[in-house]
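Residue-level structural notes
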Amino acid sequence: MRRSIRKFSRNFRTGVEASKQKCKGLVQRVSERTSPEGLFKAIIGGGFLLYSTGYGDVARASEGFLDDLIVSESRVEKTDGGVEFGDDRDEFGNRLPKNNPGRFDMVGRESKEVLAFDISDGLRVSTQMQLGMPTAEKAFITNHIFWLGTQNAGTDKGSYEFQTILQSGKFVMIGGIDTLKRLTGRVVSMLAKGTMLKSQFQIVPNDEKVPDSIIVKLEQAGSDWSAAAESSNILESLSLSYLQKLTKSVSLGAQYTVFPLYGIAPLTCVGRYKQNGHTMCANVSWMQNQMNVQLAYARKVDKHFSLATETVLTAQKSHSAVGLKYDFLNDSKSRYFASFDSDMNTSVHYSEEVVPMCRIGVCGQIQHAKNDYVFGMQFSMGEG
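Residues numbered from 1 in each chain as written. Predicted model: local features only at pLDDT ≥ 70, side-chain atom pairs only at ≥ 80, totals over all residues. Heavy atoms only, no water.

Focus: the overall build of the protein chain
For the protein chain, the helix and strand inventory stands at four helices and 22 strands. For the protein chain, the proportion of its 384 residues judged to be buried stands at 29%. Taking all contacts inside the protein chain whose residues are at least 6 apart in sequence as the whole, residues at least 24 apart take part in 30%. Working note: accessible area of the protein chain is about 24,400 Å², and carbon and sulfur atoms make up 59% of it. (Helix = DSSP H or I, 4+ residues; strand = E, 2+ residues; numbered from the N terminus. Buried < 20%, exposed > 50% of the residue type's maximum accessible area, 1.4 Å probe, protein only. Contact = heavy atoms within 4.5 Å. Areas by Shrake-Rupley, 256 points an atom, 1.4 Å probe, with all protein chains shown as cover.)

Examining the confidence of the model for the protein chain
Confidence in the prediction of the protein chain, expressed as mean pLDDT, is 80, and 75% of residues score 70 or more. Note on residues 30–77: pLDDT under 50 across the span, and 39 contacts to partners over four residues away in sequence or across chains. (pLDDT = per-residue confidence, 0-100.)

Observations concerning a nonpolar patch on the surface
Together, Ile-177, Leu-183, Leu-191, Leu-197, Phe-201, Ile-203, Ile-214, Val-216, Leu-218, Ile-234, Leu-235 and Leu-238 make up a nonpolar patch on the protein surface, roughly 1,000 Å² of accessible area in all. Of all the secondary structure elements, the ones that give two or more residues to the nonpolar patch are β8 (183–192), β9 (195–203) and β10 (213–221). Position of Leu-183 relative to the elements: it lies in strand β8. (Patch = residues over 30% accessible without salt bridge, like charges linked within 9 Å, V, L, I, M, F, W, Y side chains within 5 Å. Salt bridge = Lys/Arg side-chain N within 4 Å of Asp/Glu carboxyl O.)

Some details on the side chain of Glu-310
By secondary structure assignment, the location of Glu-310 is in strand β17 (residues 305–313). Summary of buried charges: Glu-310 has no salt-bridge partner, and the nearest side chain of opposite charge, Lys-112, is 4.0 Å away. A distance of 3.1 Å separates polar atoms of two side chains, one belonging to Glu-310 and the other to Gln-294. (Lys, Arg positive; Asp, Glu negative; His and termini not counted. Polar contact = N/O pair within 3.5 Å; in protein donor to acceptor, adjacent residues only side chain to side chain.)

Written out as structure tokens, the structure reads:
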């Protein structure tokens, strides 16, 4: 009996040592002759071989090492120069750094995506078409927008707008003109990685209430910060903004604007807390010894359902709104919005894709205080 136990022990140790030598030899040969992917396979094979001989502790250590390698490899796919990138992208589809807080003017977008849905009067039809064969480097798109209604449509209760969009590499140009002779344009250019130059203009020859304007803006996105400088109407106003991500959940920023002709210099400070689907934002601004406060909260309950509320407190008036958004994960890609505000307005919007690239929607608003209502329909069709 003792001889049998000793023989079994010797055979077991001999088998374990032989397995260890085979694993070491396999890893060494693979590391010398194959790619890192082959090394991963060798580690997996070595782990299974060690398990088969009962050498479980070493095999579990190999599994832990493999998990670390897989995590490191997945991060390498999203890193560049030691900076880890997330899923957010800029206008050209480039990944932004994972810890980048986004633009200053986009703070609170989570609540706006729920509350600022389209409520239009009458019928609006928009079509989009790509001209030529689009490529990754170049695309040319035309838009036609017809609007029959009383809201934002001028005295003729209807308008038509023609837009063109040209993208060529790291350059985008948008231009449009409507039946009211309003000419608009926007240009976006990527000067360097993380650096954007944007400009937009508006010319309204027949409307004295709406002045012509031109805005030039320079934006810079860092690893955990963003900054921007903006000039409006050739130094009529100058603005500097900065947003810093302090922790994984907290971001703080400020914007300072100067109006040289009027002697006004308002200051705006923002704070945002975002974690686990909850987003809370606070915006406080001072102008001419008056303070305005804006508070917003949004919660993404699940991949379908989102809730939001927003409150604005000013010296003249206060306003609050609460709303919801629901995305149906069906073939029609249906979407539903609803909101109620302190002006006693109840608003709803529903849209769905009836056929591929064709979407129809209906919206309505009951204005209880004014004893009035708004109803509209939208139809959009396009390849882009």
